[in-house]
Amino acid sequence: MTHHHLALLALALVLPACKSRDEAARHAPTAPAEVARDAGLPDAASAAPWPELDGLPRAEPLRVITLPSRPDVPRFDVGGPAMLGDLAVVSSSQLGFAAVDWRRGGIAWTRPAGAHVAPPVATTDAVILIGACVTPPEVPADHALLGCLRVVTASGADQAYVAIHGRGLDAFAGAAGPQQVWLDGDTAVRWRRGDEAVRVDLATGVATPTPAVAPPVTVVYQDRRWDIAHVDGKLVATHGTGAKAGKLAWQTDSEITSLLGAVWMPEQSPLVRFATITTFGTPSGGVPEVRLLDLDATGSMNGTAAWTPVPGISLLGQAISPVGDAALAIRLDRSIKRDFIAAYAANALLIYVYPLPVVARPDPVGVGIALAADRAPEAVVVFHDGDLVTVLPPLSAPPTAPGAARAPLENTTP
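Criteria and thresholds
- Residues numbered from 1 in each chain as written.
- Predicted model: local features only at pLDDT ≥ 70, side-chain atom pairs only at ≥ 80, totals over all residues.
- Heavy atoms only, no water.
- Helix = DSSP H or I, 4+ residues; strand = E, 2+ residues; numbered from the N terminus.
- Buried < 20%, exposed > 50% of the residue type's maximum accessible area, 1.4 Å probe, protein only.
- Areas by Shrake-Rupley, 256 points an atom, 1.4 Å probe, with all protein chains shown as cover.
- Salt bridge = Lys/Arg side-chain N within 4 Å of Asp/Glu carboxyl O.
- Pairing = 2+ DSSP bridges.
- Axes fitted to C-alpha atoms, helices over the stretch in contact; angles between N-to-C directions.
- Contact = heavy atoms within 4.5 Å.
- Polar contact = N/O pair within 3.5 Å; in protein donor to acceptor, adjacent residues only side chain to side chain.

Once that is clear, we can look at the overall build of the protein chain. A tally of regular secondary structure across the protein chain gives three helices and 29 strands. Taken across its 414 residues, the protein chain has 53% of its residues classed as buried. Just so you have it, the protein chain exposes about 18400 Å², and 54% of that area is on carbon and sulfur atoms.

Written out as structure tokens, the structure is:
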């Protein structure tokens, strides 16, 4: 590792406070969508100049799928993809919900929604959809109606449909801003909008206010557990159970940009992977760099940095596989027209970059990683511009790359 990389890690690390160490059925598409363009032909992205990405490995899309949307409807919200086997489930105010068969290039099923939708979230065998109710249901007079929730299997069968309602929800009902939905145990989801969040019971639809924080990355290793969260810009790890739960284990001294997840490499203790945007070491007036960094999740001083930084000023989306392969949607500059995908293997090797079409892009870019039966990454799936799903190659590192083998041990706690 060069002196430059060591300096970056030194900025990110602080001495730890504690150093102790039934699959869903899949069906062929019932309503195939047209492929927007031949993936082998140049498009607006590849034809445009991207000098900042010169010298970096490039990828060509496996396919680009155009979804049937309604351009006459305002595109208030977009979300997804939520990955469920061969399906990438996306949401948009202009199309409702669509389960896209990324492998075959068609649509497996759709569901209607009102003007507003939240990002879908997948369980092991179904996907949870939240949006405005097409027909407002009756709820108790003293309850606010926030929307409707639907649970759909991979084959397109509805398992549940409930109204989301409750008391004391005025703050959330009036909130605006980016949305996220996470699983909250086996019986609920946490729905965040802007600075407010609610916990929604999947059986009853009853919503209650809850802290607007993302669930931590949980690492279980050698009978110990670490909960790692992004708090006030820094990484904070706590451990312990029972009365001792929440005890500080370690934290970083410097702020980071985004917490991605855990990395499991053969014959190594687990790492926690994050991205940071920095101008450290760049020429005056140069483009800031996006760097991938890893820390030992158990609290040692060990860490690594991706050898190849990429240019960029912000992150528009992210995804990570169960063992640590990562894909980032990165905004290159303030034109809001030049955005690209950077894909990394679990060993932090940059596998490729892929420029998205050069268009004004005010919406977030959704990124998902499709997994094979053995949970190895099969493809990177990108939902962008409200009606396009781009399928990119997998993320596996070359067999000769250090640490390229799949990890035999994997954190079983999401």
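Turning next to the pattern of salt bridges. Here the structure, examined in full by the defined rule, presents 19 salt bridges. Between Asp72 and Arg70 there is a salt bridge; the shortest N-O distance is 3.1 Å. Exposure remark for Asp72: the relative accessible area of 58% places this residue in the exposed category. Its relative accessible area of 48% is what places Arg70 among the partly exposed residues. A salt bridge links Arg150 to Asp158; its shortest N-O distance comes to 2.8 Å. Asp158 gets classed as partly exposed once you look at its relative accessible area, which sits at 42%. Overlapping salt bridges bring together Asp86, Asp101, Arg103, Arg104 and Glu378 as one network.

Okay, the sheet that holds strand E24 (residues 326-331) next. Two orientations exist for strands paired in a sheet by backbone hydrogen bonds: parallel and antiparallel. Taken in spatial order, the four strands line up as E23-E24-E25-E26 in an open sheet, and their pairing is antiparallel. A single partner strand is all that each edge strand has here, and the edge strands are strand E23 (314-320) and strand E26 (350-355). Between one strand axis and the next, the sheet turns through 15 degrees on average, direction left out of account. Where strand E25 (residues 339-344) and E26 come together, five bridges link them in antiparallel fashion. By the bridge assignment for E26, Ala342 is matched with Val353.

With that settled, consider the environment of Tyr352. Along the chain, Tyr352 turns up in strand E26. Here Tyr352 falls in the buried class, since its relative accessible area comes to 3%. Here the alpha-carbon distance between Tyr352 and Leu56, two residues 296 residues apart in the chain, equals 7.0 Å. Non-local contacts of Tyr352, meaning those with residues more than four positions away in its chain, are made with Pro57, Arg58, Ala59, Ile341, Ala342, Ala343, Val380, Leu392, Pro393, Pro394 and Leu395. Looking at Tyr352, its side chain comes within polar contact range of the main-chain oxygen of Pro393, at 2.6 Å.

It is worth spelling out unusual backbone geometry at this point. Glycine aside, negative phi is the norm for most residues, and most peptide bonds take the trans geometry. For the bond running from Gly80 to Pro81, omega is 15 degrees, close enough to zero to count as cis. With respect to the element layout, Pro81 can be found in strand E2 (residues 78-84). With a phi close to 60 degrees, Glu267 is a non-glycine residue in the positive phi region. Note on placement: Glu267 falls in the loop between strand E18 (258-263) and strand E19 (271-278). By relative accessible area, Glu267 is classed as exposed at 87%. Even without a glycine there, the phi angle at Ala348 is positive, about 75 degrees. Examined against the element boundaries, Ala348 turns out to sit in the loop between E25 and E26. The exposure class assigned to Ala348 is buried, which follows from its relative accessible area of 8%.

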